[in-house]
Amino acid sequence: MSDSEDHSDPNHSHLSDTDLRVRSLESLLLDKGMVDAAALEALIQNYEHKVGPQNGARVVARAWSDPAYKEWLLRDATAAIADMGYHGRQGEYMYVVENTAAVHNLVVCTLCSCYPWPVLGLPPTWYKSAPYRSRAVMDPRGVLREFGTEVGEDVAVRVWDSTAELRYLVLPEQPEGTEGMSQDELAALVGRNAMIGVEKVAAS
Ligand code: FE
C-alpha cells in the first residue's frame, strides 16, 4: 500500500469511516518512521496466506490419529498446539473443548471478536457481528440450526466466551468411516466452522 495516498481522491469515497481512519493512521505511522512498510506487508501476507484454518485442521487431525496427543491437547492446548509450530499473537493461551456424543461446544466472543489467530487465521465477518455475538449465548441451538447443524435435545450445548487472554478451539467429533485415513486426508475434511463449533465435520 502506498504511504502517500490522497484521501480526498473521489475513488476512495466508498471507504467507510473506519477504513479511512485506519489508512490515515497507517500513513502517519509510516511517515513518522514508526512502522516499516516491508514489515507491515509481511505481516499482512502472513495472515492472508500462511496462517489460517488449515493449521487448526492439522491439530484436529493429529488429535484424532494419536490418543496421547489428544490427551495433551485437552490438558495443555497452548503447549500441544505450539508443538505443531502454531503460537504467537492472539493465541498465547489456548483451550481446546472436545465435542462428543453428549456435548456440543460453540465458541463466541460476546465482547468483540477474540479468536485464535495462529490456528484459525482471521475471524469471519459473521463471527464479529452483533447478532452472532448475542444470539450464540441467548439461543445457541437456533444459531446452530441456521448453520444447518442439528444437535439432539439429549446433547448438551456449551458456549465458550473468548477473551483477550484465552482463546478456544473446538475439537470436533471424528466422522464415522474415516478411521483409516491419513492425517493429511483427515485435515482436509476439517473446516473453520467446525472448529468454531457452528458445524460438524462430514466424512467427505
Ligand atoms: Fe473479543
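Residues numbered from 1 in each chain as written. Predicted model: local features only at pLDDT ≥ 70, side-chain atom pairs only at ≥ 80, totals over all residues. Heavy atoms only, no water.

### Considerations on the nonpolar core
The biggest cluster of nonpolar side chains holds 45 residues, and the ones touching the most others in it are Leu 73, Ile 81, Val 119 and Tyr 132. The contacts of Leu 73, once residues within four sequence positions are left out, are Val 59, Ala 63, Ala 80, Ile 81 and Val 96. (Core = buried A, V, L, I, M, F, W, Y, C linked by side-chain atoms within 4.5 Å. Buried < 20%, exposed > 50% of the residue type's maximum accessible area, 1.4 Å probe, protein only. Contact = heavy atoms within 4.5 Å.)

### Digging into the coordination of the iron ion
Here the iron ion is held by the protein donor atoms Cys 109 (SG), Cys 112 (SG), Ser 113 (N), Cys 114 (N) and Cys 114 (SG), which lie 2.1 to 2.7 Å from it. Note on Cys 109: relative accessible area 1%, which makes it buried. (Donors = N, O, S within 2.8 Å, 3.2 Å for Na, K, Ca; no water.)

### Comments concerning the packing of aromatic side chains
Going through the model one piece at a time under the given rule, you end up with 9 aromatic pairs. Measuring from centroid to centroid gives 5.8 Å for Tyr 95 and Trp 160, while their planes differ by 45°, and the two rings are tilted. Here the residue Tyr 95 occupies a position in strand S1 (residues 93-98), and Trp 160 occupies one in strand S3 (residues 156-161), the gap between them amounting to 65 residues. Here Tyr 95 and Tyr 168 contribute two aromatic rings whose centre-to-centre distance is 6.0 Å and whose plane-to-plane angle is 90°, an arrangement assigned as edge-to-face. You can see Tyr 95 sitting in strand S1 and its partner Tyr 168 sitting in strand S4 (residues 166-171), a full 73 residues away along the chain. Since its relative accessible area comes to 36%, Tyr 95 is described here as partly exposed. (Phe/Tyr/Trp six-rings, centres within 6.5 Å; stacked < 30°, edge-to-face > 60°. Helix = DSSP H or I, 4+ residues; strand = E, 2+ residues; numbered from the N terminus.)

### Examining the environment of Tyr 168
A residue is classified by how much of its surface remains accessible, and Tyr 168, at 10% relative accessible area, is buried. Between the C-alpha atoms of Tyr 168 and Pro 116, which are 52 residues apart in sequence, the distance is 6.7 Å. Those residues in contact with Tyr 168, other than ones at most four positions away along the chain, are Met 94, Tyr 95, Val 107, Pro 116, Trp 160, Asp 161 and Ser 162.

### Describing the pairing of strand S2 (residues 103-108)
Most of S2 is tucked away: 6 of the 6 residues are buried. The alternating pattern of S2 places Val 103, Asn 105 and Val 107 and His 104, Leu 106 and Val 108 on opposite faces, both of which are buried. One ladder, built from 6 bridges, connects S2 with S3; its direction is parallel. Bridge pairing in S3 places Val 107 opposite Trp 160. (Pairing = 2+ DSSP bridges.)

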